[in-house]
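Listed below are the residues making up each chain.
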Amino acid sequence: QLNHYKRIPFNKSNNNHIYLIESLFKNLKPTQIRDQSKDILLSTDWTDIGFQNIDPTTDFRGMGLLGLIQLEYFSKVYPDISKDVLIESIVEKRYFPFAATGINITAYVLELLDQ
């Protein structure tokens, strides 16, 4: 079933997909209001939570919807831990892009499960 979600690309027209990505942002940055003046998704806000550019959907290309589902789940079920990891991710000595790294870890775990 995990591979099924990996094969589903993020769809900007799918309200469920939009809900998941907006939920992820709200879970990690509950006091920050996202700038949606130009486009519902294109925003520098996404880089604040570790996506690599202003269009977060490009980071899902290898893991499809599974990458988003796991990030949203982690941020919802473990809110304090996920916020702590996000804070640690921006420390200069340890910098890693939180969202992109989470997607890569998911890919690695899925690869191990498939062996």
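This section reports on the structure supplied with the text. (Residues numbered from 1 in each chain as written. Predicted model: local features only at pLDDT ≥ 70, side-chain atom pairs only at ≥ 80, totals over all residues. Heavy atoms only, no water.)

1. Some remarks on the side chain of Asp-45
Part 1: Mapped onto the elements, Asp-45 comes out in the loop between helix H2 (15-28) and helix H3 (64-77).
Part 2: Assessed through its relative accessible area of 9%, Asp-45 is described here as buried.
Part 3: In contact with Asp-45, other than residues within four places in its own chain, are Phe-25, Gln-32, Ile-33, Arg-34 and Asp-35. (Helix = DSSP H or I, 4+ residues; strand = E, 2+ residues; numbered from the N terminus. Buried < 20%, exposed > 50% of the residue type's maximum accessible area, 1.4 Å probe, protein only. Contact = heavy atoms within 4.5 Å.)

2. A closer look at the packing of H3 against helix H4 (residues 79-89)
Part 1: Between H3 and H4, whose axes approach to 5 Å, the crossing angle comes to 115°. The angle between the axes of H3 and H4 places the two elements in the roughly perpendicular class. When H3 is examined against H4, the residues Phe-74, Ser-75, Lys-76 and Val-77 are found in contact with a partner set consisting of Pro-79, Ile-81, Ser-82 and Val-85.
Part 2: When grouped by side-chain class, the residues that make up the contact of H3 with H4 number five nonpolar, two polar and one charged. (Axes fitted to C-alpha atoms, helices over the stretch in contact; angles between N-to-C directions. Parallel < 35°, antiparallel > 145°, perpendicular 65-115°, else oblique. Nonpolar A, V, L, I, M, F, W, Y, C, P; charged D, E, K, R; others polar.)

3. A word on the side chain of Thr-106
Part 1: Summarising the element assignment, Thr-106 is placed in helix H5 (residues 98-114).
Part 2: Exposure remark for Thr-106: the relative accessible area of 12% places this residue in the buried category.
Part 3: Side-chain polar atoms of Thr-106 contact the side chain of Gln-70, separated by 3.2 Å.
Part 4: If we skip the residues at most four places from it in the chain, Thr-106 touches Met-63, Leu-66 and Gln-70. (Polar contact = N/O pair within 3.5 Å; in protein donor to acceptor, adjacent residues only side chain to side chain.)

4. Focus: the layout of surface pockets
Part 1: Reported here for the largest pocket is a volume of approximately 190 Å³.
Part 2: Along the walls of the largest pocket sit Gln-70, Leu-71, Tyr-73, Phe-74, Val-85, Phe-96, Phe-98, Thr-101, Gly-102 and Ile-105, which together make up its complete lining.
Part 3: Every element with two or more residues in the lining of the largest pocket is listed here: H3 and H5.
Part 4: Considering only residue class, the lining of the largest pocket consists of seven nonpolar, three polar and no charged. (1 Å grid on protein atoms, 1.4 Å probe; cavity = no way out; pocket = protein on both sides within 12 Å on 5 of 7 lines; lining within 4 Å. Points joined across faces, edges and corners; volume = space filled by probe spheres on them.)

5. As for the packing of H2 against H3
Part 1: One can describe the packing of H2 onto H3 by two numbers: an axis separation of 9 Å at closest approach and a directional angle of 35°. Between H2 and H3 the crossing geometry is left-handed. The segment H2 lies against H3, with His-17, Leu-20, Ile-21, Ser-23, Leu-24, Asn-27 and Leu-28 engaging Leu-65, Leu-68, Ile-69, Leu-71, Glu-72, Ser-75 and Lys-76.
Part 2: Its residues placed into classes, the contact of H2 with H3 shows eight nonpolar, four polar and two charged. (Left-handed = near helix turned anticlockwise from the far one by under 90°.)

Limitation: the analysis is restricted to geometry and does not speak to function.
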